[in-house]
Structure formats: structure tokens, C-alpha cells
Amino acid sequence: MLSGSDTGIGHALAKYLDSLGFVVFAGVLNKDGPGAEELRRTCSQRLCVLQLDITNATQVREAYLTVSQKVQNAGLWGVVNNAGILGFPADGELLPMSTYRHCMEVNFFGAVEVSKTFLPLLRKSQGRLVNMSSMAGGIPLPRYAAYGASKAALSMFSGVMRQELSKWGIKVAAVHPSGFRTGIQGTAEQWDEQEKELMENLPADTRQAYGEEYLLGLRNYLLHLPSHCAPDLSPVLGAVLHALLARRPQGLYTPGKGAYIPLCIFCCFPLWFYDFF
């Protein structure tokens with residue numbers, strides 16, 4: 001069972017696992033949207049598209065009932081919590097509280113809700129729980145306070161679950177990809193809306209402290225963000241596949257260029273050196 005299959009990593013992962021012969025339950029935010037339609041059109045008859053807004057407890061429960069009816073006593077081998085949002089990348093002081101709450105609601109609470117709901121099926125099969133965190137969930141990165149905090153919470157949840165669920169043979173992994181070009185970067189309309197909210201909520205003294213030139217530069221940073229991201233998603237797909245199939249999966253995967261080195265510097269060097277780096 002896979003969440004966030006409309007676009008990006010989740011969409012590519014649903015196609016990839018289907019091509020390998022998996023029975024994929026692809027959860028989508030909009031079952032009538034273009035992403036869901038493309039999955040139905042290009043994938044095998046095995047793939048089942050599920051309406052799944054992970055912040056909606058009713059939809060999570062309905063998805064669970066559909067999946068449990070299909071798998072019956074065999075249980076479910078894997079749950080991949082992939083659905084996530086980025087929010088507007090800006091300094092933590094500038095971000096409105098709504099951005100912090102929305103990131104936590106989707107990236108953390110939604111993933112926890114899905115995990116807790118589907119664990120009885122994983123227990124039956126002694127299966128796998130895979131949580132798609134981020135490089136920003138393992139190391140502090142400027143302009144990602146809301147997103148990074150929500151992903152750090154998800155990573156900690158993964159670590160605790162890895163320890164607690166081992167007695168049933170369930171293996172848990174967190175994936176910390178570096179920057180990949182996915183749908184999480186959002187659309188121009190979403191940026192406009194979030195930027196407007198950010199600007200309207202800024203106190204005058206904060207606006208003055210940062211300066212208009214810096215604030216206008218945030219949009220420029222966002223527009224150039226995809227150009228710094230890798231278009232080839234295969235390292236992430238390979239990491240998730242290993243987490244699902246390996247006899248001894250790793251607790252943490254860091255696919256992508258540059259994902260492991262900053263983590264090593266953060267863990268092994270003094271903090272002043274990491275901040276300088």
C-alpha cells in the first residue's frame with residue numbers, strides 16, 4: 001500500500017512496483033485526477049487505485065477496509081508512507097503558523113494515522129513499513145524549518161517503530177532522499193497563494209529587518225529549486241525496493257547525490273563546522 005501516488009516519487013514507485021509484479025494499492029489524493037487516470041491506463045490490472053487523503057481519517061479507514069478485503073488472511077506485505085508536502089521554503093521566522101501546522105498534518109500525523117491503521121495487516125505477514133522522510137529530516141537546512149521539523153518527527157517515529165515492532169518480525173525503514181525533481185515543489189498558483197499569506201502576515205519590523213530585496217528573492221529561490229534537483233528517481237525507487245524485499249533492510253536509506261555526506265558531517269564534526277559547511 002502506497003500513499004501519494006498522484007505525482008512524483010509515489011507515482012513513479014507505483015508504476016515501478018507494478019512492472020515488477022507487485023500487487024500495488026496506490027493511494028491518491030484525487031482518484032479522478034490525471035495521476036490516477038494515468039496509473040489506470042498504463043499499469044496492469046493488478047494495480048488498485050484508492051482514494052486516500054491521509055489527513056482524512058475516514059478515507060484512511062475506508063482504504064484499510066478495501067485492502068483487508070482484497071488480501072484477506074494473507075496480510076499486507078508493505079506500507080510505504082510517501083505522501084508529503086513541501087510548503088513555501090522561507091526562513092522559519094517568516095513562515096506563518098499555518099505552514100507549520102499543514103506540514104505536520106500531512107508529513108507526520110497523516111503518516112502516523114496510516115501506519116497505525118494498517119499495522120494489523122503488516123503483523124499478519126511480518127511485513128515492512130517504509131517511511132519517506134527527507135535529507136531535511138536528518139540535518140538542519142536553512143529555509144526548511146516547517147518541512148524539516150515534520151520530516152524529523154517522521155524519522156524519529158520510524159526509529160521508535162523499528163524497535164517496538166521487531167517483536168512481531170515487522171521491519172521499519174526511513175528513507176532520506178536528497179533533492180529530486182518531484183511534484184512536491186508545487187505549482188505557480190500554490191506558490192502565489194502561500195507567498196501572499198506569508199507577506200500579509202509579516203509584522204512591519206520583521207519585514208524591515210529582512211528587507212524587501214531579500215523577501216522578493218524567496219520567489220526566485222523557489223523558481224530555481226527544480227534546477228538543483230535530480231530528474232532521475234531510480235536511486236529512491238531502488239532504496240524503497242531494497243527496504244521492501246531485503247532479508248535485512250537498513251533502518252535508514254540516503255539515496256541521491258549528496259544525501260550521505262552532509263549527514264556524516266553533521267554527526268561527526270562540531271556543529272560550528274556543519275553550520276559553516
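As recorded by an unreviewed UniProt entry, the protein carries the name DHB2 dehydrogenase and is attributed to Dicrurus megarhynchus. UniProt, in the comment section headed Sequence similarities (unreviewed entry), describes the protein in these words: "Belongs to the short-chain dehydrogenases/reductases (SDR) family."

Peer 1: Sorry if this is basic, but what is going on with the overall build of the protein here?
Peer 2: For the protein, the count of helices and strands is 11 helices and 6 strands. Viewed in the frame of its principal axes, the protein has a C-alpha envelope of about 60 × 45 × 30 Å. Restricting to contacts in the protein with at least 6 residues of sequence separation, those with at least 24 account for 72%. Averaging the locations of the 24 positively and 23 negatively charged side chains of the protein gives two centres separated by 15 Å.

Peer 1: Can you walk me through the packing of helix H4 (residues 97-125) against helix H5 (residues 145-164) in this structure?
Peer 2: To describe two helices that pack against each other, one gives the angle between their axes and the distance between the axes. Interhelical geometry of H4 versus H5 gives an angle of 20 degrees and a closest axis separation of 8 Å. Relative to H5, the element H4 lies roughly parallel. When the axes of H4 and H5 are compared, the crossing they make is right-handed. Mapping the contact onto sequence places Thr99, Tyr100, Cys103, Met104, Asn107, Phe108, Ala111, Val112 and Ser115 in H4 and Ala145, Ala146, Tyr147, Ala149, Ser150, Lys151, Ala153, Leu154 and Phe157 in H5. In terms of residue class, the contact of H4 with H5 is built from 13 nonpolar, 4 polar and 1 charged.

Peer 1: I keep staring at the side chain of His176 and nothing clicks. Help me out?
Peer 2: Assignment of secondary structure puts His176 in the loop between strand E5 (171-175) and helix H6 (188-200). Residue class for His176 comes out buried when judged on its relative accessible area of 7%. A distance of 3.4 Å separates a polar atom in the side chain of His176 from the backbone oxygen of Ser134. A distance of 2.7 Å separates the side chain of His176 from the side chain of Ser155, its partner in a polar contact. Setting aside residues up to four positions removed in sequence, His176 forms contacts with Ser133, Ser134, Met135, Gly137, Gly138, Ser155, Leu252, Tyr253, Thr254, Pro255 and Ala259.

Peer 1: Hey, could you run me through the environment of Arg219 in this one?
Peer 2: By the element assignment, Arg219 lies in helix H8 (residues 212-224). Owing to a relative accessible area of 19%, Arg219 belongs among the buried residues under this scheme. In this structure the C-alpha to C-alpha distance between Arg219 and Ile54, which are 165 residues apart in sequence, comes to 29 Å.

Peer 1: Mind showing me how you'd approach H4 here?
Peer 2: Residues three or four positions apart in an α-helix share a direction because the helix packs 3.6 residues into each turn. Taking 1.5 Å as the rise per residue, H4 with 29 residues should run 42 Å; its terminal C-alpha atoms sit 40 Å apart, in good agreement. Maximum bend of H4: about 50 degrees, positioned at Leu119, with proline Pro120 one to four residues after it. Of the residues flanking the end of H4, it is Gln126, one or two places downstream, whose phi is positive at about 55 degrees.

Peer 1: I would appreciate a short explanation of the packing of aromatic side chains in the present structure.
Peer 2: Any pair of aromatic rings gets described here by the distance separating the centres and the angle formed by the planes. In this structure the tally under the stated criterion is 8 aromatic pairs. Arranged with centres 5.1 Å apart and planes meeting at 70 degrees, the rings of Phe266 and Tyr274 form a pair that is edge-to-face. Residue class for Phe266 comes out partly exposed when judged on its relative accessible area of 25%. With relative accessibility at 7%, the residue Tyr274 sits in the buried group. Note on Trp272 and Phe273: the rings are 5.9 Å apart at their centroids and 85 degrees apart in plane angle, and the pair reads as edge-to-face. On the accessibility criterion, Trp272 (63% relative accessible area) is exposed. Directly above the aromatic system of Trp168 lies the positively charged group of Arg123, at a separation of 4.4 Å from the ring centroid.

Peer 1: Looking at this structure, how should I read the pairing of strand E1 (residues 25-28)?
Peer 2: The side chains of a regular strand alternate, residue by residue, between the two faces of the sheet. Of the two faces of E1, the one lined by Phe25 and Gly27 and the one lined by Ala26 and Val28 are each fully buried. Inspection of the sheet shows E1 paired to strand E2 (residues 48-51) by 4 bridges, in the parallel sense. Of the residues in E2, the one forming a bridge with Val28 is Gln51.

The rules we used
The numbering scheme is per chain: residues are counted from 1 as the chain's sequence reads. This being a predicted model, a pLDDT of at least 70 is required before a residue's local features are given, and a value of 80 or more before pairs of side-chain atoms are given or counted; all residues contribute to the totals for chains, interfaces and linings. As a rule here, side-chain values come from all non-hydrogen atoms in the structure, and water together with hydrogens is ignored. UniProt positions are given in the numbering used here, feature names are shortened, and annotations may be inferred rather than shown by experiment. The secondary structure listing takes helices from DSSP runs of H or I that are at least 4 residues long and strands from runs of E that are at least 2 residues long, numbered from the N terminus. Throughout, a residue-residue contact means that at least one pair of heavy atoms, one from each residue, lies within 4.5 Å. Within this scheme the basic residues Lys and Arg register as positive and the acidic residues Asp and Glu register as negative, but His and the chain ends are omitted. By convention, charge coordinates are those of NZ in Lys, CZ in Arg, CG in Asp, or CD in Glu. To obtain an axis, a line is fitted to C-alpha atoms, over the contacting stretch when the element is a helix, and the angle between two such axes runs from 0 to 180 degrees between their N-to-C directions. Throughout, the term roughly parallel applies to angles under 35 degrees, roughly antiparallel to angles over 145, roughly perpendicular to angles from 65 to 115, and oblique to all others. Here a crossing is called left-handed whenever its near helix is offset anticlockwise from the far helix by less than a right angle, and right-handed whenever the offset is clockwise. By the convention adopted, Pro, Cys, Tyr, Trp, Phe, Met, Ile, Leu, Val and Ala count as nonpolar, Lys, Arg, Asp and Glu as charged, and the other residues, Gly among them, as polar. When accessible area is computed with a 1.4 Å probe and restricted to protein chains, residues below 20% of their type maximum are described as buried, those above 50% as exposed, and intermediate ones as partly exposed. N or O atoms closer than or at 3.5 Å make up a polar contact, with two conditions inside protein: a donor-capable atom paired with an acceptor-capable one, and, for residues adjacent in sequence, both atoms drawn from side chains. By this rule, a helix spans an expected 1.5 Å times one less than how many residues it contains. What is called the bend at a residue is the angle between a pair of axes, fitted to the seven residues leading up to and ending at it and to the seven starting from it. When two rings of Phe, Tyr or Trp (its six-membered ring) have centres within 6.5 Å they constitute a pair, described as stacked for plane angles under 30 degrees, edge-to-face for angles over 60, and tilted for the intermediate range. In our convention, an over-ring charge means Lys NZ or Arg CZ found within 6 Å of a ring centre and within 35 degrees of that ring's normal. Strands pair, by our definition, only if DSSP identifies at least two bridges between them.

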